[in-house]
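Coordinate analysis (summary)
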Protein chains: 2
Amino acid sequence: MQETGLAASERPRITAPHRELLDQVLDKWSLQVLEELCEQPQRFNELRRAIPVVTQKSLTAALRRLERNGMVERVVTSTRPLAVQYRITPLGTTLQELLDALLCWTTVNMADVERARERYDDEV
Amino acid sequence: MQETGLAASERPRITAPHRELLDQVLDKWSLQVLEELCEQPQRFNELRRAIPVVTQKSLTAALRRLERNGMVERVVTSTRPLAVQYRITPLGTTLQELLDALLCWTTVNMADVERARERYDDEV
DNA sequence: CGGTATCCTTCTCGATACTG
DNA sequence: CAGTATCGAGAAGGATACCG
């Protein structure tokens, strides 16, 4: 079958790698971590206190994922007891704009969405 | 410790309702459904074929969520057998820009992310 | 065609306890 | 302080069968 490029002008599609990256970076805890670290670098327990109510396990997982994807940096100071600081990377700050766009969208459209929900829930 | 309101100029935070809305609308299948319906209205089984490889259950769930949140419209024609068409709403199209922004971000930064992953995976 | 209902497996996530 | 390890409950999601 010879496709003649009729779909050439279509918008790009979400492929598996894109999807996977978004999943790693837009999940519940990661977004809140990014928000916090955009404000200022912070230590593990500072983040824990700042994000209500994340468990150690979930926070660790989110930080590792973000670190692996190059969004945050983990800086260890080998004092006693040891200090670990997390800070956002340049790559991470590019996510901040996206975060703002997401937040902006929800803010602008929340009222419409809520009306739609009421309509939907009523007619059931 | 007396906070003097120094955080007054801070960026808005993701609250639970915002978070919830994003979850309902940015999940794996919903994004692909929105992509499809942005191109053209489609019927249930058309969507099913267009999105590899979604199960009936997952597709139904995604469509119901999107419908409830006002992103897609379900149009039933009572023929025999009955025909159901799904189409994107004006509210749904506002999501399209966001989708583009997400896709653009992943496209631009994918290479950096992959380098970061390799670096991380190597040093373990 | 366009679904629902049910079962069953997988994965997530919190709670808890322990460590360098 | 900054985690790791382990367990169990619950939710997500696929496979299958059936219905108007």
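Look a little higher up for the structure.
These remarks concern the structure in this document. (Residues numbered from 1 in each chain as written. Chains lettered and ligands numbered in written order. Predicted model: local features only at pLDDT ≥ 70, side-chain atom pairs only at ≥ 80, totals over all residues. Heavy atoms only, no water.)

1. Considering the sheet that holds strand E2 (residues 72-77) of chain B
Residue and element names in this part refer to chain B. Cut-off, in case you're wondering: Pairing between strands requires that DSSP locate at least two bridges from one strand to the other. Here a helix means four or more residues in a row that DSSP labels H or I, a strand means two or more in a row labelled E, and each is numbered from the N terminus. Contacts are assigned to residue pairs that have any heavy atoms within 4.5 Å of one another. All axes are obtained by fitting lines to C-alpha atoms, using only the stretch in contact for helices, and the reported angles, taken between N-to-C directions, cover 0 to 180 degrees.
Strand order in the open sheet formed by three strands is E1-E3-E2, with antiparallel pairing between adjacent strands. Of all the strands in the sheet, the pair left with one neighbour each is strand E1 (42-43) and E2. Helix H2 (residues 28-39) contacts E1, E2 and strand E3 (83-88) of the sheet and is inclined by roughly 95° relative to E3. Docked against the sheet, helix H4 (residues 56-68) engages E2 and E3, running at close to 110° with respect to E2.

2. Section: the protein's contact with DNA strand D
Rules: Any residue with at least one heavy atom within 4 Å of a molecule or strand is counted as near it. Polar contact is the term for a pair of N or O atoms within 3.5 Å; when the atoms are in protein, one must be able to donate a hydrogen and the other to accept it, and sequence-neighboring residues count only if both atoms are side-chain atoms.
Taken together, 18 residues sit near DNA strand D, with Gln56(A), Arg74(A), Tyr86(A), Lys57(B) and Ser58(B) positioned nearest. When the atoms of DNA strand D within 4 Å of the protein are sorted by group, sugar and phosphate make up 62%. One nitrogen or oxygen atom from the side chain of Gln56(A) is found 2.5 Å from a base nitrogen belonging to DNA strand D. Side-chain polar atom of Lys57(B) to a base oxygen of DNA strand D: 2.4 Å apart, as the coordinates give it. Listed by contribution, the elements that provide at least two residues to the surface near DNA strand D are helix H3 (44-50), helix H4 (56-68) and strand E3 (83-88) of chain A together with H4 of chain B. It is H4(A) that contributes the most residues to the surface near DNA strand D, four residues altogether.

3. Focus on the protein's contact with DNA strand C
In the vicinity of DNA strand C there are 18 residues, among which Lys57(A), Ser58(A), Gln56(B), Arg74(B) and Tyr86(B) approach most closely. Across the atoms of DNA strand C situated within 4 Å of the protein, the share located in sugar and phosphate is 65%. The side chain of Arg64(B) places a nitrogen or oxygen atom 3.0 Å from a phosphate oxygen of DNA strand C. In this structure, Val84(B) approaches DNA strand C through a main-chain N or O atom, which is 3.2 Å from a phosphate oxygen. Elements with a minimum of two residues in the surface near DNA strand C: H4 of chain A together with helix H3 (44-50), H4 and E3 of chain B. It is H4(B) that provides the largest number of residues to the surface near DNA strand C, a total of four residues.

4. Some remarks on the sheet that holds strand E2 (residues 72-77) of chain A
All names here are of chain A. One open sheet accounts for three strands, arranged E1-E3-E2; its pairing is antiparallel. The outermost strands of the open sheet, each flanked by one partner alone, are strand E1 (42-43) and E2. In this sheet, E3 lies alongside E1 in antiparallel orientation, the contact comprising two bridges. Residue pairing across strands places arginine 43 opposite glutamine 85, the latter belonging to E3. Packed on one face of the sheet, H4 meets E2 and E3 and runs near 110° to E2.

5. Re the relation of the copies chain A and chain B
The cut-off we apply is this: To line up the copies, we fit them by least squares on C-alpha atoms, keeping just the residues with pLDDT of at least 70 in both.
Take chain A, turn it by 180°, move it 0.0 Å along the axis, and it overlays chain B with an RMSD of 0.0 Å. Both chain copies can therefore be described as sitting about a two-fold axis. By residue overlap, the copies meet face to face through one surface: 100% of the interface positions of chain A are interface positions in chain B.

6. A few points about the interface of chain A and chain B
Put simply, an interface is often sized by how much accessible area is lost when its parts join up. Applied cut-off: Summed over both partners, the accessible area (1.4 Å probe) lost when two parts come together is defined as the buried area. Counted as salt bridges are all cases of a side-chain nitrogen of Lys or Arg within 4 Å of a carboxyl oxygen of Asp or Glu. The residue classification treats Ala, Val, Leu, Ile, Met, Phe, Trp, Tyr, Cys and Pro as nonpolar and Asp, Glu, Lys and Arg as charged. All others, Gly included, are polar.
Each partner contributes to the interface: chain A provides 48 residues, whereas chain B provides 48 residues. Taking both partners together, chain A and chain B bury about 4800 Å²; carbon and sulfur atoms supply 60% of that area. Broken down residue by residue, the surface that chain A buries against chain B is led by Arg11(A), Arg68(A) and Trp105(A), which jointly contribute 16%. Our count for the chain A to chain B interface comes out at nine salt bridges. Among the ionic pairs, Glu36(A) bridges to Arg13(B), the shortest N-O distance being 2.8 Å. The interface formed by chain A and chain B contains 14 residue pairs in polar contact (both at pLDDT 80 or more). Broken down by element, the side of chain A that touches chain B gets its largest block of residues, 21 residues, from helix H5 (residues 90-122) of chain A. Tallied by class, residues from the side of chain A that touches chain B come to 22 nonpolar, nine polar and 17 charged.

7. Concerning the pairing of E2(A)
Residue and element names in this part refer to chain A. The pairing of E2 with E3 spans six bridges and is classified as antiparallel. By the bridge assignment, valine 76 is partnered in E3 with valine 84. Turn length for the E2-E3 hairpin, with the two strands adjacent in sequence and antiparallel, is five residues.

8. Side note on the pattern of salt bridges
Put simply, the rule reads: Note on classification: 1.4 Å probe, protein chains only; a residue is buried when its accessible area is under 20% of the maximum for its type, exposed when over 50%, partly exposed between these limits.
If you walk through the whole model with that rule in mind, you get 15 salt bridges over all chains. A salt bridge links Arg13(A) to Glu39(B), with the shortest nitrogen-to-oxygen separation between them at 4.0 Å. Of this pair, Arg13(A) sits in the segment before helix H1 (16-25) while Glu39(B) sits in helix H2, on two different chains. Judged by relative accessible area, Glu39(B) falls into the partly exposed class, the value being 31%. Measuring nitrogen to oxygen at the nearest pair gives 2.6 Å for the salt bridge that ties Arg115(A) to Asp112(A). In this pair, Arg115(A) and Asp112(A) are both assigned in helix H5, three residues apart and thus about one turn of the helix distant. You can call Arg115(A) partly exposed: its relative accessible area is 47%. Each member of the salt-bridge network shares a partner with another, and the members are Arg13(A), Glu35(B), Glu36(B) and Glu39(B).

These values are about where atoms sit, not about what they do.
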